[in-house]
Amino acid sequence: DTAVSQTPKYLVTQMGNDKSIKCEQNLGHDTMYWYKQDSKKFLKIMFSYNNKELIINETVPNRFSPKSPDKAHLNLHINSLELGDSAVYFCASSQGGVGTDTQYFGPGTRLTVL
Amino acid sequence: AQSVAQPEDQVNVAEGNPLTVKCTYSVSGNPYLFWYVQYPNRGLQFLLKYITGDNLVKGSYGFEAEFNKSQTSFHLKKPSALVSDSALYFCAVRDAFTGGGNKLTFGTGTQLKVEL
């Protein structure tokens, strides 16, 4: 009965590879997010989708492409992985896309690029 | 623009003592303020939020926070700390007047260590 789930939990890969992280929420929320947490624990938003529509697209390399097949899923595909992409990636969801809505986070995916 | 500052990288407190984790913010309009906690190798867990109304907000696990508009602060407090409260705490802010989605800006985090 996990609210926001991500797969995989750990991802170790070589530079130049392409990888995907999947996220699913069973809260019935309309809005989903991707965050990146770097080695210093700094959290920064990358993308947000509301009902499958992209509404936040921060300054992120275009090697990162989010895809939302339906409002319960938001996947993150990363092309040509670089060492600097190593981080923990968190998915989150909220009821709507307004500022009063609480965001609920998944357990994170630790990506290590070698 | 919206920003949030957590001036302390680490806070140490003895079990049973009160704890305070500090947070100050900057927004153009009215703030929406949140506290989250992150345990090792886990995701962020929501503790509490201030949207409007009473300046003292009560949240999960006995935590509370006080919104102070004149000091632009939203400090997290607990009357009696537990060893199990040891974790990384994040303050986050959202400017009510900013459009373009529910974009939260997080502070750099404060590591709370509660010792016996």
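Look above for the structure.
Caption draft 1: Geometry of unusual backbone geometry. In this structure, A:Pro8 follows A:Thr7 across a cis peptide bond, with omega equal to -5 degrees. Note on placement: A:Pro8 falls in the loop between strand S1 (4-7) and strand S2 (10-13). A positive phi angle is found at A:Lys52, which is not glycine, with a value near 75 degrees. Examined against the element boundaries, A:Lys52 turns out to sit in the loop between strand S5 (43-50) and strand S6 (53-57). Even without a glycine there, the phi angle at B:Asn41 is positive, about 60 degrees. Mapping B:Asn41 onto the fold places it in the loop between strand S5 (31-38) and strand S6 (44-50). For B:Asn41, a relative accessible area of 53% gives the class exposed.

Caption draft 2: View of the side chain of A:Ser68. Residues and elements named next belong to chain A. Its location among the elements puts Ser-68 in strand S7 (residues 64-70). A distance of 3.0 Å separates the side chain of Ser-68 from the backbone oxygen of Asp-70, its partner in a polar contact. Side-chain polar atoms of Ser-68 contact the backbone oxygen of His-73, separated by 3.0 Å. With sequence-adjacent residues up to four places away left out, Ser-68 is seen in contact with Tyr-49, Lys-52, His-73 and Leu-74.

Caption draft 3: Structural context of a positive patch on the surface. Taken together, A:Lys9, A:Lys41, A:Arg110 and B:Arg42 make up a surface patch of like positive charges. For B:Arg42, the location among the structural elements is in the loop between S5 and S6. Residue classification places B:Arg42 among the partly exposed positions, given a relative accessible area of 46%.

Caption draft 4: The arrangement of the interface of chain B and chain A in detail. Chain B puts 21 residues into the contact, and the matching count from chain A is 25 residues. Around 1800 Å² of area is buried between chain B and chain A when both sides are counted, 55% of it from carbon and sulfur atoms. On the chain B side of the interface with chain A, the three residues burying the most area are B:Leu44, B:Asn102 and B:Phe106, jointly 30% of the side's total. Summed over the shared surface of chain B and chain A, the result is 1 salt bridge.

Caption draft 5: How the structure looks around the pairing of strand S9 (residues 87-94) of chain A. Residue and element names in this part refer to chain A. With respect to burial, S9 is a largely interior element, 8 of its 8 residues being buried. Of the two faces of S9, the one carrying Ala-87, Tyr-89, Cys-91 and Ser-93 and the one carrying Val-88, Phe-90, Ala-92 and Ser-94 are both buried. In this sheet, S9 lies alongside strand S4 (residues 31-37) in antiparallel orientation, the contact comprising 7 bridges. By the bridge assignment for S9, Trp-34 is matched with Cys-91. Of the strand pairs in this sheet, S9 and strand S11 (residues 109-113) are connected by 3 bridges, and their pairing is antiparallel.

Thresholds, definitions, all that
- Numbers given to residues run from 1 along each chain, matching the order in which its sequence is written.
- Lettering for chains starts from A, numbering for ligands starts from 1, and both go in the order in which the items are written.
- Only residues with pLDDT of at least 70 get local features here, since the model is predicted, and only at 80 or more are side-chain atom pairs given and counted; chain-wide, interface and lining totals rely on the full set of residues.
- Water and hydrogen atoms play no part in the side-chain values, which are based on all heavy atoms of the structure.
- Labels follow the DSSP assignment, with helices taken as runs of H or I lasting at least four residues and strands as runs of E lasting at least two, numbered in each case from the N terminus.
- Partly exposed residues are those whose accessible area sits between 20% and 50% of the maximum for their type, while under 20% is buried and over 50% is exposed, using a 1.4 Å probe and protein chains only.
- N or O atoms within 3.5 Å of each other form a polar contact, as long as, within protein, one can give a hydrogen and the other can take it, and as long as residues adjacent in sequence are counted only when both atoms are side-chain atoms.
- Note on definitions: a residue-residue contact is assigned when non-hydrogen atoms from the two residues lie within 4.5 Å.
- The residues that make up patches have over 30% relative accessible area and no salt bridge, and they are joined within 9 Å when like-charged or within 5 Å when they are Val, Leu, Ile, Met, Phe, Trp or Tyr.
- Shrake-Rupley sampling with a 1.4 Å probe provides the accessible areas, and residues are treated as covered by the protein chains on show and by no other component.
- The term salt bridge refers to a side-chain nitrogen of Lys or Arg lying within 4 Å of a carboxyl oxygen of Asp or Glu.
- Residues scored as positive are Lys and Arg, those scored as negative are Asp and Glu, and His as well as the terminal groups of each chain are ignored.
- For charged residues, the charge sits on one atom: NZ in Lys, CZ in Arg, CG in Asp, CD in Glu.
- A 1.4 Å probe defines the accessible area here, and the buried area is the portion of it lost by two parts on being joined, summed over both.
- Here, any two strands with at least 2 DSSP bridges between them count as paired.

Nothing here speaks to function; it is all geometry.
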